[in-house]
Amino acid sequence: MAYLGSMIRGPVGRFQPATRFDPVLAELLREAIIGPASFHEMAAMVRYAELRGLGAIRFRFDHGAALTDPTHPLHVAFLETLRDPVLASDYADLGDLAPWRARALAVRLPSDMLGPRPSRKTLRTAILASGTSWEVRVALCVAARIRFAADAEWFGREAQALYEMGLFSQARARLAASVARGGEAIAIG
């Protein structure tokens with residue numbers, strides 16, 4: 001699923017899915033198990049389901065994932081992800097994630113400290129600020145991706161922070177998403 005968001009919004013000349021109903025994809029996307037390696041794909045899955053007319057995607061936790069644990073390094077990024085407006089769509093059945101979306105909308109997260117509509121420059125400055133923890137940097141990158149979805153930059157910055165956290169598979173997935181959107185194939189590390 002790491003390339004799904006890029007496939008949907010890809011520029012002309014890149015893969016553009018057809019809009020006909022596909023029963024195989026409908027069955028594959030009927031239920032999505034969310035964990036540390038896949039939670040960032042939730043909005044892309046919903047957009048894809050809407051585009052293809054696949055029906056609602058039922059999200060549920062990979063119970064070994066522990067994303068709901070406040071000490072998990074991706075917990076804050078998970079909450080920022082749940083704020084994406086597309087997750088309020090009829091195509092998103094949040095199931096056991098619904099209380100976490102309500103919590104994400106109710107609590108103060110790193111993006112809230114930047115004002116109601118932070119600019120690219122404000123987000124970039126906050127992400128690059130010395131002393132900003134990896135967890136906060138990743139969460140701010142998520143907020144930037146939601147606000148400025150067409151920019152490859154945020155995936156690249158998130159990849160670097162994830163790499164520094166030692167989350168190499170997640171870092172590679174974000175870097176691949178950045179490249180698929182036209183970002184540079186940078187060396188992280």
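Residues numbered from 1 in each chain as written. Predicted model: local features only at pLDDT ≥ 70, side-chain atom pairs only at ≥ 80, totals over all residues. Heavy atoms only, no water.

### What about the overall build of the protein chain?
Turning to step 1, where the next piece is worked out: Summing up its helical and strand segments, the protein chain has nine helices and three strands in all.
Turning to step 2, where the next piece is worked out: For the protein chain, the α and β elements follow one another from N to C terminus as α-α-β-α-β-α-β-α-α-α-α-α.
Turning to step 3, where the next piece is worked out: Buried positions account for 48% of the 189 residues belonging to the protein chain.
Turning to step 4, where the next piece is worked out: Taking all contacts inside the protein chain whose residues are at least 6 apart in sequence as the whole, residues at least 24 apart take part in 70%.
Turning to step 5, where the next piece is worked out: As displayed, the protein chain has an accessible area near 9200 Å², and 57% of this comes from carbon and sulfur atoms. (Helix = DSSP H or I, 4+ residues; strand = E, 2+ residues; numbered from the N terminus. Buried < 20%, exposed > 50% of the residue type's maximum accessible area, 1.4 Å probe, protein only. Contact = heavy atoms within 4.5 Å. Areas by Shrake-Rupley, 256 points an atom, 1.4 Å probe, with all protein chains shown as cover.)

### Structural notes on helix H3 (residues 42–52)
Turning to step 1, where the next piece is worked out: Here H3 lies mainly inside the structure; eight of its eleven residues are buried.
Turning to step 2, where the next piece is worked out: Within H3, burial applies to Met 42, Ala 43, Ala 44, Met 45, Val 46, Tyr 48, Ala 49 and Arg 52.
Turning to step 3, where the next piece is worked out: Residue Gly 53 follows H3 closely and has a positive phi angle near 65°.

### What about helix H6 (residues 120–128)?
Turning to step 1, where the next piece is worked out: Within the span of H6, buried status applies to Leu 123, Ala 126 and Ile 127. Viewed end-on, H6 has its buried residues packed into an arc of 100°, placing them on one side of the element. Away from its buried face by more than 90 degrees, H6 exposes Lys 121 and Leu 128.
Turning to step 2, where the next piece is worked out: Tucked inside the fold, the buried residues of H6 contact helix H7 (134–147) and helix H8 (153–165). (Arc of directions from axis to C-beta.)

### Examining the confidence of the model for the protein chain
Turning to step 1, where the next piece is worked out: When pLDDT is averaged along the protein chain, the result is 83, and 81% of the positions lie at 70 or above.
Turning to step 2, where the next piece is worked out: Every residue in residues 1–19 scores below 50 in pLDDT, and together they form 42 contacts with partners more than four places removed in sequence or on other chains. (pLDDT = per-residue confidence, 0-100.)

### Structural notes on the side chain of Thr 81
Turning to step 1, where the next piece is worked out: Along the chain, Thr 81 turns up in helix H4 (residues 75–82).
Turning to step 2, where the next piece is worked out: Relative accessible area serves as the criterion here: at 8%, Thr 81 is assigned to the buried category.
Turning to step 3, where the next piece is worked out: Once residues lying within four places of it in the same chain are set aside, the contact partners of Thr 81 are Phe 39, His 40, Leu 87, Val 142 and Ile 146.

### Points about the sheet that holds strand E2 (residues 57–61)
Turning to step 1, where the next piece is worked out: Taken in spatial order, the three strands make up an open sheet running E1-E2-E3, and their pairing is parallel. At either margin of the open sheet sits one strand with a lone partner, and together these are strand E1 (31–34) and strand E3 (92–93).
Turning to step 2, where the next piece is worked out: Note: E1 against E2, four bridges, orientation parallel. Bridge assignment links Ile 34 to a residue of E2, and that residue is Phe 61.
Turning to step 3, where the next piece is worked out: Contacts from H3 reach E1, E2 and E3, with the element oriented near 165° to E2. (Pairing = 2+ DSSP bridges. Axes fitted to C-alpha atoms, helices over the stretch in contact; angles between N-to-C directions.)

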